[in-house]
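Report on the structure
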Amino acid sequence: ISFAGFSIPARARFITQCVGSTLFSSLTLGLVAGQTGATFLSCGPLVPFMAGSWLGYTWGCVGFWRQSKNKAINCARRYPRIMCHSLLTDFDIEVPAHVNTGDSLEEEIKEDSNAKSMPENLSLEQWILDGGVGRLSSAILAAQSCHEDIIELQKNERQKLLDAYSERD
């Protein structure tokens, strides 16, 4: 679709990936279980297919959650300012000043009158994980919405590396 110039919203892409992942794992495990039931068991293919589909769907959901969580945590670790901006603009979640986002926040913390009551500087990754399922879910969707920008940054980093190699030769 990118060659046609269309842009799919991040949430629609996320839902499509989730549905595709769970559908594939559900059908695959269901068909294998159904075939096994038809071949080796006396109960026929229907009950093993239903059980296999249910296990496949569960396995697909858990796997997709883990993959999405790892993507969000890696985004928060490597690109904290982009992730903070995405959390603020997409979900109106403001990251507190005591969370380290890669900026020089020490001056802001010193100026704050409540600096003594603030906890130690947390990483954005730890702040997301400490916030429970709600904050983690928002971070997963924020990582989806800033994914294209991060890909562009990574392409630029790779191009700089390639330029450095070509300058040596």
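Our structure's up above, just so we're on the same page.
This one's a predicted model, so the numbers in the text were calculated from it and none came from an experiment.

**A closer look at the overall build of the protein**
Across its full length, the protein carries seven helices and two strands. Listed N to C, the secondary structure of the protein is α-α-α-β-α-β-α-α-α in terms of helices and strands. Across the 169 residues in the protein, those meeting the buried criterion constitute 27%. Within the protein, counting contacts between residues at least 6 apart in sequence, those at least 24 apart form 64% of the total. Approximately 11,800 Å² of the protein is accessible, and the part contributed by carbon and sulfur atoms is 58%.

**Looking at the side chain of Ser-53**
Along the chain, the position of Ser-53 falls in helix α2 (residues 46–78). On the accessibility criterion, Ser-53 (11% relative accessible area) is buried. Those residues within four positions of Ser-53 in sequence are excluded, and the remaining contacts are Ser-26 and Gly-30.

**Quick word on the side chain of Ser-138**
Mapped onto the secondary structure, Ser-138 falls in helix α6 (residues 132–145). Residues contacting Ser-138, with those up to four places away along its chain left out, are Leu-87, Phe-91 and Ile-93.

**Comments concerning the nonpolar core**
In this structure, Met-83, Val-95, Leu-124, Trp-127 and Ile-128 are the most contacted members of the largest nonpolar core, which totals 22 residues. If you list the elements that add at least two residues to this core, you get α2, α3 (80–91), α5 (124–130) and α6. Setting aside anything within four residues of it in sequence, one finds Met-83 in contact with Ala-72, Cys-75, Ala-76, Leu-124, Ile-128, Ala-139, Ala-142 and Ala-143.

**Examining the pattern of salt bridges**
Evaluated as defined, the whole model comprises two salt bridges. A salt bridge links Arg-13 to Glu-148; the shortest N-O distance between them is 3.3 Å. Within this pair, whereas Arg-13 is found in helix α1 (residues 10–40), its partner Glu-148 is found in helix α7 (residues 147–168), the two being separated by 135 residues in sequence. Note that Arg-77 is salt-bridged to Glu-125, the shortest N-O span being 2.9 Å. Placement of Arg-77 in helix α2 and of Glu-125 in helix α5 is noted, with a sequence separation of 48 residues between them. For Glu-125, a relative accessible area of 21% puts it in the partly exposed group.

**Describing the packing of α3 against α6**
One can describe the packing of α3 onto α6 by two numbers: an axis separation of 9 Å at closest approach and a directional angle of 105 degrees. By the angle between their axes, α3 is roughly perpendicular relative to α6. Between α3 and α6, the residues in contact are Met-83, Ser-86, Leu-87, Asp-90 and Phe-91 and Ser-138, Ala-139, Leu-141, Ala-142, Ala-143 and Ser-145, respectively. Taken together, the residues of the contact of α3 with α6 break down into seven nonpolar, three polar and one charged.

Reading guide: rules and limits
Residues numbered from 1 in each chain as written. Predicted model: local features only at pLDDT ≥ 70, side-chain atom pairs only at ≥ 80, totals over all residues. Heavy atoms only, no water. Helix = DSSP H or I, 4+ residues; strand = E, 2+ residues; numbered from the N terminus. Buried < 20%, exposed > 50% of the residue type's maximum accessible area, 1.4 Å probe, protein only. Contact = heavy atoms within 4.5 Å. Areas by Shrake-Rupley, 256 points an atom, 1.4 Å probe, with all protein chains shown as cover. Core = buried A, V, L, I, M, F, W, Y, C linked by side-chain atoms within 4.5 Å. Salt bridge = Lys/Arg side-chain N within 4 Å of Asp/Glu carboxyl O. Axes fitted to C-alpha atoms, helices over the stretch in contact; angles between N-to-C directions. Parallel < 35°, antiparallel > 145°, perpendicular 65-115°, else oblique. Nonpolar A, V, L, I, M, F, W, Y, C, P; charged D, E, K, R; others polar.

Take it as geometry only, folks, not as evidence of what the structure does.
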